[in-house]
Amino acid sequence: MPKAQTKPGKAATVPATMTAAEAVVETLIGHGLDTVYALPGLQNDLLFEALFGASGRLRTVHTRHEQGAAYMALGAALATGRPQAYAVVPGPGLLNSAAALLTAYSMNAPVLGLVGQIPDADIGRGLGHLHEIRDQAGIIKRLVDHAARIRKPEPASRATAQALRAMRSGRPGPAVLECAMDVWGKSAPVTLQPPLPVPATTIDTDAVRRAAKLLGGARRPMIVCGGGAQDAAAEVAALSAMLQAPVLGYRRGRGVLDSRDPLSVTLPLGRDLWGEADVVLAVGTRLLIQLRQWGIDRELKIVRVDADHEEPARLHRPAVALTGDATPILQALLAALPAHNAKRASRQAELQERHAAWGKRLDKLGPQIALLQAIRAELPEDGIFVDEVTQIGFAARLLFPVHKPRTFLSPGYQDNLGWGFATALGAQHARPDVPVVAIAGDGGFMFTASEMATAMHHRIPLVTIVFNDGAFGNVRRIQQERFGNRLIGSDLTNPDFVAFARSFGAEAVRAKSAEELRRSLRRAFAHRDGPTLIEVPLGALPSPWEFIMMSKVRGA
Ligand SMILES: Cc1ncc(C[n+]2csc(CCOP(=O)(O)OP(=O)(O)O)c2C)c(N)n1
Ligand SMILES: [Mg+2]
């Protein structure tokens, strides 16, 4: 155990002799991390030795596959908004975690990977060491924006603090630290590095004034939110009320404005409103669907708020771009708006009617709606719903009511099948105070089904609903509709999911209707001592795609 410890925010004045691994572990603790999701192996033995020494202060949650560890860290980061860490061996360990790391990158999620390495002196020599991979640092560099290798104990703490700062600076995102198996165990006097200051957003007051004039003068303003708006919910709600602007959140932007507010919209009503808007405020979103699918013309002026200064002009030059953390920028906008804001009639009644009109058309998705209503009825307001690439997920993105930020976790543009169960385990582990429900198709669930053992071992009370249609249903429907029913690679042979879960000691039940699902969920949410799996057998479901892949409403 190292002797000197860092109190958060205070530098340890006296260096203490410790290993590089202890320096990293102490620095994680000094930054407020409380868990490392991990899978051990030879190259990280000395890291695990340090984790053992700190086990009263930093929990090590081991999984059954490296993708589980990285997805759990991702889920914990998404559910809390705080940095989370995972540790894996090099080569296959790194690659096994790579889909989750890629997802963390595309979701701008602060996930730190601690990745082992072969003996320091042999890195790059191609000798064929256990788990050696050619140019591991080069592979990592393609996956994340910040990567470094720890070469000695002395700079290990600072390197860790720098990685954690990079994860929260500018566009947030994952980082990776590599360390050779022998370097983890080297000792030297180390000064622990407290959290490094994250550069504060500088408010461009001139740009804020221009944005306020544009939005204030708009006849039909609209707000579009992405994942970057999740921590600015109060500001978005205040702007929406001040401007009577509908707020579109789809997938990562859901929950920023409570679905019960008539001004809160998803697709497809959002597309109609996009077609009518004269000024749009886009917060923490790439606007890819809007600009590419729905179109853009000269009549529509866009104000972009984004953490990444390169993002706003990628597809279309906005009228105003504001770079930085959404919260202070929107606060400045809220302060500047009243001087420019036109009087507008309330849009509440109009939007209520338009919700109802679209609701009638969306009733086509009746079977999905009934199941989602059963979930919403039992999941408390602050409970977390983890989405998957499955029929019920596609419908949930359109119409599951979401009441709070960070309670609807949907994979970013990767839309990677199989992310859900392990990500939800991480969310539930990091938020034991609220119920978490994961949905999955029979296809997606099996990607990480082995993590049921992790859920049992660590007594994680996640509730998972497996919608079983015996198929990669979405693929099958495409083959039926577009390829003359030439079915290939889309039928599935499944285990008995209830027996499967019970074989781990988990609670498990089959629910054959929406009512049964609701009753099962009530029991499952009350069971906090371990996981529950609910299998829902399903037939073919109506297609949601006409509500998602919609044609242009603006421009040529
Ligand atoms: C990593 C990854 N591989 C493949 C796909 C392509 N894909 C999209 S949906 C799907 C089938 C999903 O099957 P299931 O989980 O059973 O859900 P269902 O559509 O049957 O509800 C596949 C293979 C993907 N999105 N991500
Ligand atoms: Mg399926």
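Above this text sits the structure in question.
What you see is a predicted model, and the numbers here were worked out from it, not measured in a lab.

Calculation rules
- Residues numbered from 1 in each chain as written.
- Chains lettered and ligands numbered in written order.
- Predicted model: local features only at pLDDT ≥ 70, side-chain atom pairs only at ≥ 80, totals over all residues.
- Heavy atoms only, no water.
- Pairing = 2+ DSSP bridges.
- Helix = DSSP H or I, 4+ residues; strand = E, 2+ residues; numbered from the N terminus.
- Contact = heavy atoms within 4.5 Å.
- Axes fitted to C-alpha atoms, helices over the stretch in contact; angles between N-to-C directions.
- Donors = N, O, S within 2.8 Å, 3.2 Å for Na, K, Ca; no water.
- Buried < 20%, exposed > 50% of the residue type's maximum accessible area, 1.4 Å probe, protein only.
- Parallel < 35°, antiparallel > 145°, perpendicular 65-115°, else oblique.
- Left-handed = near helix turned anticlockwise from the far one by under 90°.
- Nonpolar A, V, L, I, M, F, W, Y, C, P; charged D, E, K, R; others polar.

1. Notes on the sheet that holds strand β17 (residues 436–441)
Hydrogen bonding along the main chain pairs the strands of a sheet, whether they run parallel or antiparallel.
Logical step 1: Taking strand neighbours across the sheet as the criterion, the 6 strands line up as β16-β15-β17-β18-β20-β19 in an open arrangement whose pairing is parallel. For this open sheet the edge positions go to β16 (408–409) and β19 (507–510), each flanked by a neighbour on one side alone.
Logical step 2: The strands touched by helix α21 (residues 514–526) are β17, β18 (463–468), β19 and β20 (532–537); relative to β20, the strand with the most contacts, the crossing angle is about 175°.

2. Re the coordination of the magnesium ion (ligand 2)
Logical step 1: Protein ligation of the magnesium ion (ligand 2) involves Asp442 (OD), Asp469 (OD) and Ala471 (O), the donor distances falling in the range 2.1 Å.
Logical step 2: Sequence positions of the residues that donate to the magnesium ion (ligand 2) give the spacing D-x26-D-x1-A. Here the residue Asp442 occupies a position in helix α17 (residues 442–445), and Asp469 occupies one in the loop between β18 and α19 (473–482), the gap between them amounting to 27 residues. Across this residue pair, the class does not change: Asp442 and Asp469 are buried.

3. Describing the packing of helix α1 (residues 20–30) against helix α2 (residues 45–53)
Logical step 1: Interaxial distance between α1 and α2 falls to 8 Å at its minimum, and their mutual angle equals 50°. Between α1 and α2, the angle is such that the two are oblique. By crossing handedness, the relation of α1 to α2 is classed as right-handed. Contacts between α1 and α2 pair Ala21, Glu22 and Val25 from the former with Leu46, Leu47, Ala50 and Leu51 from the latter.
Logical step 2: Residue classes in the contact of α1 with α2 are distributed as 6 nonpolar, no polar and 1 charged.

4. Topic: the side chain of Ser410
Logical step 1: Residue position: Ser410 is located in the loop between β16 and α16 (420–430).
Logical step 2: The class of Ser410 is buried, set by a relative accessible area of 1%.
Logical step 3: If near-sequence neighbours (up to four positions away) are discounted, Ser410 is found in contact with Met107, Arg251, Arg252, Asp387, Arg397 and Trp419.

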